Amino acid sequence: MDLGVRWKLHGDGRTPAPGAVVRPDERLSWPRTVGLGAQHVVAMFGASFVAPVLMGLDPNLAIMMSGVATVIFLLATRGRVPSYLGCSLSFVGVAAVIRAQGGTSATVTGAVFVVGVAMFLAGLAVQRFGARIIHAAMPPIVTGAVVMLIGFNLAPVTATTYWPQDQWTALLVMLFTGLAVVCLRGFWSRVAIFLGLVFGYAVSWVFDRVFGKIHSVDASGKVTDHWRLDLSAVSEADWIGLPSFHGPSFEWSAILVALPVVIALIAENTGHVKAVGEMTGDPLDDKLGTAISADGAASMLSTAVGGPPNTTYSENIGVMAATRVYSTAAYWAAAGFALLFGICPKFGAVVAAIPGGVLGGITVILYGMIGLLGAQIWINAKVDLRNPLNLVPAAAGIIIGVGNVTMKFTDTFSLSGIALGTLVVIIGYHTLRAFAPAHLKKQEPLLDEGTSSYSEGSGNGGDTAGDKDGTAAEGVRRAEP
C-alpha cells in the first residue's frame, strides 16, 4: 500500500528549474528538505503557540501533537496533500466561553473532542455523497456569518483580559505587527505574528529595565505590581521532559458552545485542498473528504490526551507558494522538529511567559482578521446582502454571537454567544428559505469561481466557504494563523 513516503529526487536536488515546482512526491536533497521543514515550523510558530496559551493549554503538548497530527494527515491523504496541521485559533473564543462558565481544561478538550468527531463524520459524508451536502446545509451566507461571529465574539477577551495588563506595550505590538503584515514580503510576511511576539518580548524586557514593575492587572485578574516579562519559570524548567497530559471531560453546555466551530474547520480544509490542487496542478477532488476526516481524527487524538485541536495552516501554504516546493518530505521533517520541541519543557516555558500586553497587541489584529474571514467568504461567493433571505438570519446571528446574548431554557441549561448565534443563522436561514417567495430563492452556484470541476464528475469537491487558505487563500491569508 502506497503511503506517500517515497520521493523522487527533483532535478539536481538543489533548486527547482525556472517555472518548475517540486511536486508532493518529489524532494530536494535531504539537507535542503530538512531546512525547508524547519522553515515550515517557524512559519506556524506564531499562531500555533499563541493559540494554546490563549486557550489555557500546554504549549509543549500543542506543538508535539501538531507534529503527530501532521503525520496522520500525510498518511491519510497518501502524501498527495502537503500540509502542516497546527493548533486552530477558531477555538480560542470557545475556550474563553467555556472557562467563563466555570469549565476546566478537561472541559475544553472534551468539548473540542466532540468537534473532532463531527469533523471525522463530515469527512466520511463528503467522501460518500460529495460536497453538495456541505453546500446544502451551509451555503456561503451561513458559513461566512458563523466564521464572523466566532472571530468577533473574541473582542471582549482582548479588551478586558490582555490589553489592560500593559496598554502601551499592546499598542506598540499592534502597530509593529500591522506594519509587518502589510510591509514585509514573502516568507517574512507569513511569520508576522511570530515577529510580533519577538518584538513584544523585547519591548517588555526594555520597559522592565527602564520603568520597573508595572501596576496593573496580571494574568489572574488581580491588580498588582509585577514584571511585564517574567522568565523565572524558564530557568526552572528542564531541557528534556514530556508535556503534561490530561483526559477530556464532557459537558453538554460546553459541547454546544464548541460545535459551531466545525463549520469553520470544514471551510478551512476545503479551501486548503482547493489551493494545493490549483498550485500543484493535481486535481484533489477525491481527497477533500479524506482531508476533512484526517483533520477530525488528528484533533480527536490531540484532545484525548489534553492537547488543542488542529487545522491546516495558510502560513505554510504561503511558504510553499514562495519556494515552489510542495514536497511532503519537507512536512515529515517539520513534524519531526515539532516532536523535538514538544519534549523540551524549557521551550514551552518561554512560550508560556508571553506577556499579557504582547498578547493584547497581537489579538487585536488576530481576532479581527478571524472575524473578517467571514466577510471574505461572502465576497468570494458573491453573496447578495440586499436579499433579506441572506441579510436577516446573518444580521441576527452575528449580533447574538458578538453581543453574547443568552437564551435561558431552564435553571441549568442555556445557550449564548457562539452557540446561540450559530443556531439562529443556520435554522433561521433554512426556515426563512422554506417560506420565502420564489424570487428570493434564485439558484446559487454550487461552488465559487474557478472550481467548476468540483461540481461535476465524481461529486467530491469543495464548498464555497473558502478559509484562511484556499481560493479564498489569496485574499484571506490568516495572520495565523
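Bear in mind the structure is a predicted one, so any value in this text is a computation, not a measurement.

Participant: Which residues make up the overall build of the protein chain, and what values do they have?
Facilitator: Scanning the protein chain for helices and strands turns up 20 helices and 8 strands. Taken across its 481 residues, the protein chain has 56% of its residues classed as buried. In the protein chain, of all internal contacts separated by at least 6 residues, the share reaching a separation of at least 24 is 79%. Carbon and sulfur atoms make up 66% of the accessible area of the protein chain, which totals about 19,100 Å².

Participant: Provide a residue-level description of unusual backbone geometry, including the pertinent values.
Facilitator: One non-glycine residue, Arg78, lies in positive phi territory at about 55°. By the secondary structure assignment, Arg78 is in the loop between helix H2 (59-76) and strand E3 (85-87). For Arg78, a relative accessible area of 31% gives the class partly exposed. Of note, Lys382 is a non-glycine position whose phi angle comes to about 55°, a positive value. Assignment of secondary structure puts Lys382 in the loop between helix H18 (356-381) and helix H19 (388-403).

Participant: Can you break down the pattern of salt bridges residue by residue, with the values?
Facilitator: Overall, the coordinates contain 4 salt bridges when judged by the stated rule. The partner of Arg228 in a salt bridge is Asp208, with the nearest N and O atoms 3.0 Å apart. Of the two residues, Arg228 sits in the loop between strand E5 (223-226) and helix H11 (232-236) while Asp208 sits in helix H10 (residues 192-211), which places them 20 residues apart along the sequence. Ionic pairing is found between Asp384 and Arg386, a salt bridge with its closest N-O pair at 3.0 Å. Each of Asp166, Asp208 and Arg228 takes part in one network of salt bridges that share partners.

Participant: Summarise the nonpolar core; cite the residues concerned and give the values.
Facilitator: Counting 94 residues, the largest nonpolar core has Met55, Ile266, Ile292 and Tyr367 as its most contacted members. By size, the runner-up hydrophobic cluster in this structure holds 5 residues, among which are Val22, Leu28, Leu36 and Ala330.

Participant: A description of the packing of aromatic side chains should follow, citing residues and the corresponding values.
Facilitator: Throughout the structure, instances matching the rule amount to 4 aromatic pairs. Geometrically, the ring pair formed by Phe176 and Phe199 is stacked, given 4.2 Å between the ring centres and 5° between the ring planes. Of this pair, Phe176 sits in helix H8 (residues 167-183) while Phe199 sits in helix H10, and the two are 23 residues apart along the sequence. Exposure remark for Phe176: the relative accessible area of 29% places this residue in the partly exposed category. Directly above the ring of Trp239 sits Lys346, whose terminal nitrogen or CZ lies 5.1 Å from the centroid.

Participant: Describe the environment of Gln165, listing the residues and the values that go with them.
Facilitator: Tracing the backbone through its elements, the reader meets Gln165 in the loop between helix H7 (155-162) and H8. The class of Gln165 is buried, set by a relative accessible area of 9%.

Participant: Which residues make up the side chain of Ser216, and what values go with them?
Facilitator: Tracing the sequence through the fold places Ser216 in strand E4 (residues 214-217). Looking at Ser216, the relative accessible area reads 8%, which means it is buried. Within the structure, the side chain of Ser216 is placed 2.7 Å from the backbone oxygen of Gln165, a separation counted as a polar contact.

Participant: For a nonpolar patch on the surface, give the residues involved together with the corresponding values.
Facilitator: Together, Trp205, Val206, Val210 and Phe211 line one region of the surface with nonpolar side chains, adding up to about 430 Å² of accessible area. Mapped onto the elements of the fold, Val206 is located in helix H10. Residue Val206 is classed as partly exposed on the basis of its relative accessible area, which comes to 39%.

Participant: How would you summarise the environment of Asn269 if you had to cite specific residues and measurements?
Facilitator: For Asn269, the location among the structural elements is in helix H13 (residues 261-280). In this structure, the C-alpha to C-alpha distance between Asn269 and Asp295, residues 26 residues apart in sequence, is 8.1 Å. Setting aside residues no more than four positions away along its own chain, Asn269 makes contact with Phe73, Met119, Leu288, Ala291, Ile292, Asp295, Thr311 and Thr312.

Participant: Can you lay out the packing of H19 against helix H20 (residues 417-435) for me, pointing to particular residues and giving the numbers?
Facilitator: A pair of packed helices can be characterised by two numbers: the angle between their axes and the separation between those axes. The contact between H19 and H20 brings their axes to 7 Å, and the two run at 165°. It follows from the interaxial angle that H19 and H20 lie roughly antiparallel. The interaxial crossing formed by H19 with H20 has right-handed handedness. Residues Leu389, Asn390, Val392, Pro393, Ala394, Ala396, Gly397, Ile400 and Gly401 of H19 form the contact with H20, whose participating residues are Gly417, Ile418, Leu420, Gly421, Val424, Val425, Gly428, Tyr429, Leu432 and Arg433. Considered class by class, the residues forming the contact of H19 with H20 number 12 nonpolar, 6 polar and 1 charged.

Participant: Could you give an account of the environment of Phe347, with specific residues and numbers?
Facilitator: As for its position among the elements, Phe347 is in helix H17 (residues 345-352). Residue Phe347 is classed as buried on the basis of its relative accessible area of 19%. Between the C-alpha atoms of Phe347 and Ile240, which are 107 residues apart in sequence, the distance is 9.5 Å.

Participant: Go over the confidence of the model for the protein chain with me, naming the residues and quoting the values.
Facilitator: Here the protein chain averages 79 in pLDDT, while 85% of its residues score no lower than 70. By mean pLDDT, helix H9 (residues 186-190) is the weakest element of the protein chain at 65, and helix H14 (residues 288-304) is the strongest at 92. Low pLDDT (under 50) marks residues 445-481, which in the prediction has 129 contacts with non-local residues, meaning those over four places away or in another chain.

Participant: Give a detailed account of H14, specifying residues and quantitative values.
Facilitator: Note on helix geometry: an α-helix contains 3.6 residues per turn, so any two residues three or four positions apart are oriented the same way. In this model, H14 (17 residues) spans 24 Å end to end at C-alpha, consistent with the 24 Å of a helix rising 1.5 Å per residue. Of all 17 residues that make up H14, 13 are buried, and the element is covered over most of its length. Phi turns positive, to about 105°, at Gly306, one or two residues after H14.

Participant: Residues and numbers for H20, please.
Facilitator: The end-to-end C-alpha separation of H20 is 27 Å, in line with the 27 Å expected for 19 residues at 1.5 Å each. Inspection of H20 places Gly417, Ile418, Ala419, Leu420, Gly421, Thr422, Val425 and Tyr429 among the buried residues, and these make up the whole buried set.

Participant: Could you give an account of the packing of H7 against H18, with specific residues and numbers?
Facilitator: Between H7 and H18, the shortest axis-to-axis distance is 9 Å and the interhelical angle comes to 165°. Between H7 and H18, the crossing angle belongs to the class labelled roughly antiparallel. For the pair H7 and H18, the crossing hand works out as left-handed. Across the interface between the two elements, Val157, Thr158 and Tyr162 from H7 touch Gly356, Gly357, Leu359, Gly360, Thr363, Val364 and Tyr367 from H18.

Cut-off values and rules
- Residues numbered from 1 in each chain as written.
- Predicted model: local features only at pLDDT ≥ 70, side-chain atom pairs only at ≥ 80, totals over all residues.
- Heavy atoms only, no water.
- Helix = DSSP H or I, 4+ residues; strand = E, 2+ residues; numbered from the N terminus.
- Buried < 20%, exposed > 50% of the residue type's maximum accessible area, 1.4 Å probe, protein only.
- Contact = heavy atoms within 4.5 Å.
- Areas by Shrake-Rupley, 256 points an atom, 1.4 Å probe, with all protein chains shown as cover.
- Salt bridge = Lys/Arg side-chain N within 4 Å of Asp/Glu carboxyl O.
- Core = buried A, V, L, I, M, F, W, Y, C linked by side-chain atoms within 4.5 Å.
- Phe/Tyr/Trp six-rings, centres within 6.5 Å; stacked < 30°, edge-to-face > 60°.
- Lys NZ or Arg CZ within 6 Å of the ring centre and 35° of its normal.
- Polar contact = N/O pair within 3.5 Å; in protein donor to acceptor, adjacent residues only side chain to side chain.
- Patch = residues over 30% accessible without salt bridge, like charges linked within 9 Å, V, L, I, M, F, W, Y side chains within 5 Å.
- Axes fitted to C-alpha atoms, helices over the stretch in contact; angles between N-to-C directions.
- Parallel < 35°, antiparallel > 145°, perpendicular 65-115°, else oblique.
- Left-handed = near helix turned anticlockwise from the far one by under 90°.
- Nonpolar A, V, L, I, M, F, W, Y, C, P; charged D, E, K, R; others polar.
- pLDDT = per-residue confidence, 0-100.
- Expected span 1.5 Å × (residues − 1).

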